[in-house]
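Read off the chains here:
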Amino acid sequence: MTSKPAPRAPAPPPAPSPAAQAVAWLHTARFLTTAPRLEFLPTVGVPEIAFVGRSNAGKSTCINTLTQQKRLAFASKTPGRTQAINLFALGKQGVTDALLADLPGYGYAAVPKADKIRWQEVMANYLMTRESLTGVVMLVDPRQGITELDEILLDVIRPRVVQGLKLLVLLTKSDKLNREEQNKALSIARLQTGGGETRLFSALKKQGVEEASLLLYQWTHPDPDPETS
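Now for a quick tour of the structure. (Residues numbered from 1 in each chain as written. Predicted model: local features only at pLDDT ≥ 70, side-chain atom pairs only at ≥ 80, totals over all residues. Heavy atoms only, no water.)

## Quick notes on the overall build of the protein chain
And then number 1: Across its full length, the protein chain holds 6 helices and 7 strands.
And then number 2: When the elements of the protein chain are put in sequence order from the N terminus, they spell out α-β-β-α-β-β-α-β-α-β-α-β-α.
And then number 3: Looking at the 229 residues of the protein chain, the share that counts as buried comes to 43%.
And then number 4: Contacts in the protein chain between residues at least 24 apart in sequence constitute 77% of all its contacts with a sequence separation of at least 6.
And then number 5: For the protein chain, the computed accessible surface area is about 13,100 Å², with 54% contributed by carbon and sulfur atoms. (Helix = DSSP H or I, 4+ residues; strand = E, 2+ residues; numbered from the N terminus. Buried < 20%, exposed > 50% of the residue type's maximum accessible area, 1.4 Å probe, protein only. Contact = heavy atoms within 4.5 Å. Areas by Shrake-Rupley, 256 points an atom, 1.4 Å probe, with all protein chains shown as cover.)

## Focus: the sheet that holds strand S6 (residues 166-171)
And then number 1: Taken in spatial order, the 7 strands line up as S1-S3-S4-S2-S5-S6-S7 in an open sheet, and their pairing is mixed. Of all strands in the sheet, those bounded by a partner on one side alone are strand S1 (30-35) and strand S7 (197-200). Across this sheet, the average inter-strand angle for adjacent strands is 20°, counted without regard to direction.
And then number 2: Two strands pair when backbone bridges link them, and strand S3 (residues 85-90) and strand S4 (residues 98-102) are joined in this way by 5 bridges, in the antiparallel orientation. (Pairing = 2+ DSSP bridges. Axes fitted to C-alpha atoms, helices over the stretch in contact; angles between N-to-C directions.)

## Here's the deal with the nonpolar core
And then number 1: Leu103 and Tyr126 are the most contacted members of the largest nonpolar core, which totals 34 residues.
And then number 2: At the level of secondary structure, the elements contributing two or more residues to this core comprise strand S2 (48-53), S3, S4, helix H3 (113-129), strand S5 (133-140), helix H4 (148-162), S6 and helix H5 (179-193).
And then number 3: No other element matches H3, which puts 5 residues into this core.
And then number 4: Here leucine 103 is in contact with Ala50, Phe51, Val52, Lys59, Ile85, Met123, Tyr126 and Leu127, once residues within four sequence places are set aside. (Core = buried A, V, L, I, M, F, W, Y, C linked by side-chain atoms within 4.5 Å.)

## Thoughts on the environment of arginine 118
And then number 1: The topology assignment puts arginine 118 in helix H3.
And then number 2: Classification of arginine 118 as partly exposed rests on a relative accessible area of 35%.
And then number 3: As for arginine 118 and glutamine 83, which are separated by 35 residues in sequence, their C-alpha atoms are 9.8 Å apart.
And then number 4: Other than its neighbours up to four places away in sequence, arginine 118 contacts Pro36 and Gln83.

## Looking at the side chain of glutamine 182
And then number 1: Looking at the element boundaries, glutamine 182 is found in helix H5.
And then number 2: By relative accessible area, glutamine 182 is classed as buried at 9%.
And then number 3: Residues in contact with glutamine 182, not counting those within four places in the same chain, are Ser174, Asp175, Leu177, Leu200 and Gln207.

## Observations concerning helix H6 (residues 209-220)
And then number 1: An ideal rise of 1.5 Å per residue puts 16 Å on 12 residues; H6 measures up with 17 Å between its terminal C-alpha atoms.
And then number 2: Those residues of H6 lying buried are Val209, Ala212, Ser213, Leu215, Leu216, Trp219 and Thr220. Viewed end-on, H6 has its buried residues packed into an arc of 160°, placing them on one side of the element. (Expected span 1.5 Å × (residues − 1). Arc of directions from axis to C-beta.)

## Notes on unusual backbone geometry
And then number 1: Even without a glycine there, the phi angle at asparagine 56 is positive, about 70°.
And then number 2: Take asparagine 56: it is sitting in the loop between S2 and helix H2 (59-67).
And then number 3: A residue is classified by how much of its surface remains accessible, and asparagine 56, at 52% relative accessible area, is exposed.
And then number 4: For glutamine 68, which is not a glycine, the phi torsion comes out positive at approximately 60°.
And then number 5: Tracing the chain through its elements places glutamine 68 in the loop between H2 and S3.

## Description of the packing of H3 against H4
And then number 1: The contact between H3 and H4 brings their axes to 9 Å, and the two run at 20°. The angle between the axes of H3 and H4 places the two elements in the roughly parallel class. Relative to H4, the crossing made by H3 is right-handed. Along its contact with H3, which presents Met123, Ala124, Tyr126, Leu127, Met128 and Thr129, the element H4 presents Leu153, Val156, Ile157 and Arg160. (Parallel < 35°, antiparallel > 145°, perpendicular 65-115°, else oblique. Left-handed = near helix turned anticlockwise from the far one by under 90°.)

## Quick notes on the environment of proline 18
And then number 1: Following the sequence through the fold, proline 18 ends up in helix H1 (residues 18-26).
And then number 2: In this structure, the C-alpha to C-alpha distance between proline 18 and glutamine 218, residues 200 residues apart in sequence, is 9.6 Å.

Spatial relationships are all this shows, so hold off on functional conclusions.
This is the structure:
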(Lines give C-alpha, C1' and ligand atoms only; values in the text may rest on other atoms or scores of the structure.)
Protein backbone atom coordinates (compact mmCIF):
# COMPACT_ATOMS: atom_id res chain seq x y z
CA MET A 1 0.00 0.00 0.00
CA THR A 2 1.53 3.29 -1.08
CA SER A 3 1.45 6.29 1.21
CA LYS A 4 -0.17 9.49 0.05
CA PRO A 5 2.17 12.37 -0.67
CA ALA A 6 2.23 15.05 2.02
CA PRO A 7 0.09 18.06 1.12
CA ARG A 8 2.03 21.01 -0.17
CA ALA A 9 2.26 24.04 2.05
CA PRO A 10 0.37 27.01 0.61
CA ALA A 11 2.55 29.46 -1.25
CA PRO A 12 3.27 32.64 0.72
CA PRO A 13 1.37 35.70 -0.47
CA PRO A 14 3.34 37.92 -2.85
CA ALA A 15 5.21 40.78 -1.22
CA PRO A 16 3.50 44.14 -1.68
CA SER A 17 5.03 46.40 -4.30
CA PRO A 18 7.15 49.39 -3.17
CA ALA A 19 4.31 51.72 -4.21
CA ALA A 20 1.78 49.74 -2.14
CA GLN A 21 4.13 49.86 0.85
CA ALA A 22 4.44 53.64 0.44
CA VAL A 23 0.65 54.06 0.27
CA ALA A 24 0.24 51.99 3.44
CA TRP A 25 2.95 54.02 5.18
CA LEU A 26 1.18 57.32 4.44
CA HIS A 27 -2.03 55.86 5.89
CA THR A 28 -0.30 55.90 9.32
CA ALA A 29 -0.41 59.72 9.39
CA ARG A 30 -1.68 61.19 12.66
CA PHE A 31 -1.94 64.74 14.01
CA LEU A 32 1.08 65.82 16.05
CA THR A 33 0.86 69.55 16.77
CA THR A 34 0.00 72.98 15.40
CA ALA A 35 2.31 76.00 15.54
CA PRO A 36 1.31 79.62 14.82
CA ARG A 37 4.98 80.67 14.80
CA LEU A 38 8.30 78.94 14.14
CA GLU A 39 9.37 78.96 17.79
CA PHE A 40 6.44 76.69 18.62
CA LEU A 41 7.61 73.97 16.22
CA PRO A 42 9.27 71.02 17.96
CA THR A 43 12.84 70.12 17.11
CA VAL A 44 12.73 66.71 15.49
CA GLY A 45 15.28 64.15 14.38
CA VAL A 46 13.31 62.74 11.44
CA PRO A 47 12.79 64.00 7.86
CA GLU A 48 10.02 66.52 7.28
CA ILE A 49 8.05 67.16 4.09
CA ALA A 50 6.16 70.45 3.66
CA PHE A 51 3.02 70.88 1.57
CA VAL A 52 2.57 74.38 0.13
CA GLY A 53 0.29 76.02 -2.42
CA ARG A 54 -2.13 78.79 -3.21
CA SER A 55 -5.48 78.79 -1.46
CA ASN A 56 -7.96 76.60 -3.34
CA ALA A 57 -5.17 74.65 -5.09
CA GLY A 58 -6.43 71.48 -3.42
CA LYS A 59 -3.74 71.09 -0.77
CA SER A 60 -5.93 69.71 2.02
CA THR A 61 -7.68 67.36 -0.40
CA CYS A 62 -4.32 66.13 -1.65
CA ILE A 63 -3.02 65.39 1.87
CA ASN A 64 -6.25 63.61 2.80
CA THR A 65 -6.13 61.56 -0.40
CA LEU A 66 -2.50 60.53 0.06
CA THR A 67 -3.09 59.53 3.69
CA GLN A 68 -6.51 57.94 2.95
CA GLN A 69 -8.08 60.02 5.72
CA LYS A 70 -11.05 62.27 5.10
CA ARG A 71 -10.32 65.01 7.62
CA LEU A 72 -6.65 64.79 8.56
CA ALA A 73 -5.96 68.12 6.88
CA PHE A 74 -8.90 70.40 7.58
CA ALA A 75 -9.79 73.01 4.97
CA SER A 76 -10.98 76.24 6.53
CA LYS A 77 -14.34 77.55 5.34
CA THR A 78 -12.57 80.85 4.73
CA PRO A 79 -9.50 80.13 2.59
CA GLY A 80 -6.35 81.85 3.79
CA ARG A 81 -7.65 82.44 7.31
CA THR A 82 -5.93 79.51 8.98
CA GLN A 83 -2.38 80.71 9.59
CA ALA A 84 -0.53 77.97 11.41
CA ILE A 85 1.76 75.09 10.52
CA ASN A 86 0.15 71.72 11.21
CA LEU A 87 2.46 68.75 11.73
CA PHE A 88 1.48 65.12 11.17
CA ALA A 89 3.58 62.16 12.28
CA LEU A 90 4.18 59.13 10.06
CA GLY A 91 5.38 55.66 10.99
CA LYS A 92 4.10 52.18 11.65
CA GLN A 93 3.27 50.91 15.14
CA GLY A 94 3.38 54.44 16.52
CA VAL A 95 7.09 54.88 15.84
CA THR A 96 7.57 58.22 14.05
CA ASP A 97 9.99 58.06 11.12
CA ALA A 98 8.90 61.21 9.23
CA LEU A 99 6.65 64.27 9.47
CA LEU A 100 4.30 66.02 7.09
CA ALA A 101 3.98 69.79 7.50
CA ASP A 102 0.81 71.43 6.18
CA LEU A 103 1.49 75.12 5.55
CA PRO A 104 -1.45 77.52 5.10
CA GLY A 105 -2.50 78.42 1.59
CA TYR A 106 -1.33 81.76 0.28
CA GLY A 107 -2.67 84.38 -2.11
CA TYR A 108 -6.26 84.65 -0.90
CA ALA A 109 -7.48 88.21 -1.55
CA ALA A 110 -9.72 88.57 1.54
CA VAL A 111 -6.80 88.27 3.98
CA PRO A 112 -5.61 91.68 5.26
CA LYS A 113 -2.32 92.80 3.71
CA ALA A 114 -0.55 93.00 7.07
CA ASP A 115 -1.48 89.37 7.80
CA LYS A 116 -0.28 88.32 4.36
CA ILE A 117 3.11 89.96 4.87
CA ARG A 118 3.52 88.50 8.36
CA TRP A 119 2.67 84.99 7.24
CA GLN A 120 4.83 85.23 4.12
CA GLU A 121 7.76 86.03 6.40
CA VAL A 122 6.97 83.04 8.63
CA MET A 123 6.73 80.73 5.61
CA ALA A 124 9.96 82.05 4.10
CA ASN A 125 11.82 81.61 7.38
CA TYR A 126 10.46 78.09 7.77
CA LEU A 127 11.42 77.07 4.24
CA MET A 128 14.89 78.60 4.51
CA THR A 129 15.84 77.57 8.04
CA ARG A 130 13.95 74.42 9.12
CA GLU A 131 16.78 71.92 9.54
CA SER A 132 14.61 68.81 9.34
CA LEU A 133 12.98 69.93 6.06
CA THR A 134 13.79 67.25 3.49
CA GLY A 135 11.29 67.94 0.72
CA VAL A 136 8.62 70.36 -0.48
CA VAL A 137 5.41 69.41 -2.30
CA MET A 138 3.91 72.37 -4.15
CA LEU A 139 0.26 72.08 -5.20
CA VAL A 140 -0.68 73.94 -8.39
CA ASP A 141 -4.03 74.16 -10.15
CA PRO A 142 -2.99 73.52 -13.78
CA ARG A 143 -5.84 75.69 -15.06
CA GLN A 144 -4.07 78.68 -13.49
CA GLY A 145 -0.53 77.39 -13.84
CA ILE A 146 2.42 78.48 -11.74
CA THR A 147 1.55 82.01 -10.63
CA GLU A 148 3.74 84.89 -9.53
CA LEU A 149 3.29 83.91 -5.87
CA ASP A 150 4.34 80.34 -6.68
CA GLU A 151 7.42 81.72 -8.43
CA ILE A 152 8.31 83.75 -5.34
CA LEU A 153 8.11 80.63 -3.19
CA LEU A 154 10.20 78.67 -5.69
CA ASP A 155 12.83 81.43 -5.57
CA VAL A 156 12.91 81.13 -1.77
CA ILE A 157 13.62 77.39 -1.79
CA ARG A 158 15.77 77.23 -4.94
CA PRO A 159 19.09 77.61 -3.05
CA ARG A 160 18.11 74.67 -0.83
CA VAL A 161 16.98 72.63 -3.84
CA VAL A 162 20.45 73.14 -5.33
CA GLN A 163 21.86 71.84 -2.03
CA GLY A 164 19.67 68.71 -2.14
CA LEU A 165 16.20 69.69 -0.91
CA LYS A 166 13.63 67.58 -2.77
CA LEU A 167 10.86 69.27 -4.76
CA LEU A 168 7.65 67.82 -6.17
CA VAL A 169 5.11 69.95 -8.06
CA LEU A 170 1.70 68.26 -8.20
CA LEU A 171 -0.74 69.58 -10.79
CA THR A 172 -3.97 68.98 -8.90
CA LYS A 173 -7.49 68.60 -10.32
CA SER A 174 -5.96 67.15 -13.50
CA ASP A 175 -9.23 65.30 -14.16
CA LYS A 176 -10.67 68.65 -15.25
CA LEU A 177 -8.30 68.70 -18.24
CA ASN A 178 -8.29 66.53 -21.33
CA ARG A 179 -5.19 64.53 -22.27
CA GLU A 180 -3.77 67.24 -24.55
CA GLU A 181 -4.28 69.93 -21.89
CA GLN A 182 -2.67 67.71 -19.24
CA ASN A 183 0.44 67.15 -21.35
CA LYS A 184 0.71 70.86 -22.14
CA ALA A 185 0.34 71.87 -18.47
CA LEU A 186 2.93 69.28 -17.46
CA SER A 187 5.45 70.51 -20.02
CA ILE A 188 5.01 74.16 -19.02
CA ALA A 189 5.31 73.39 -15.29
CA ARG A 190 8.50 71.40 -15.86
CA LEU A 191 10.04 74.33 -17.69
CA GLN A 192 8.97 76.83 -15.02
CA THR A 193 10.18 74.83 -12.02
CA GLY A 194 13.55 74.04 -13.53
CA GLY A 195 14.26 71.27 -11.06
CA GLY A 196 12.63 68.58 -9.00
CA GLU A 197 9.72 66.39 -10.08
CA THR A 198 6.43 67.36 -11.72
CA ARG A 199 3.40 65.07 -11.75
CA LEU A 200 -0.30 65.13 -12.60
CA PHE A 201 -2.60 64.49 -9.65
CA SER A 202 -6.33 63.92 -9.26
CA ALA A 203 -7.96 63.12 -5.93
CA LEU A 204 -11.16 62.20 -7.76
CA LYS A 205 -9.54 59.75 -10.20
CA LYS A 206 -6.70 58.76 -7.82
CA GLN A 207 -4.28 59.75 -10.57
CA GLY A 208 -0.69 60.11 -9.38
CA VAL A 209 -1.38 58.81 -5.86
CA GLU A 210 0.97 55.84 -6.00
CA GLU A 211 3.71 57.80 -7.79
CA ALA A 212 3.60 60.65 -5.28
CA SER A 213 3.45 58.26 -2.31
CA LEU A 214 6.50 56.37 -3.54
CA LEU A 215 8.48 59.57 -4.02
CA LEU A 216 7.70 60.78 -0.49
CA TYR A 217 8.67 57.41 0.96
CA GLN A 218 11.94 57.39 -0.97
CA TRP A 219 12.73 60.93 0.16
CA THR A 220 12.37 59.99 3.80
CA HIS A 221 13.84 56.47 3.55
CA PRO A 222 16.87 56.80 1.29
CA ASP A 223 18.74 53.63 0.44
CA PRO A 224 21.77 53.25 2.70
CA ASP A 225 25.18 53.69 1.14
CA PRO A 226 26.39 50.16 0.39
CA GLU A 227 29.91 51.14 1.39
CA THR A 228 28.78 52.19 4.87
CA SER A 229 25.99 49.68 5.49
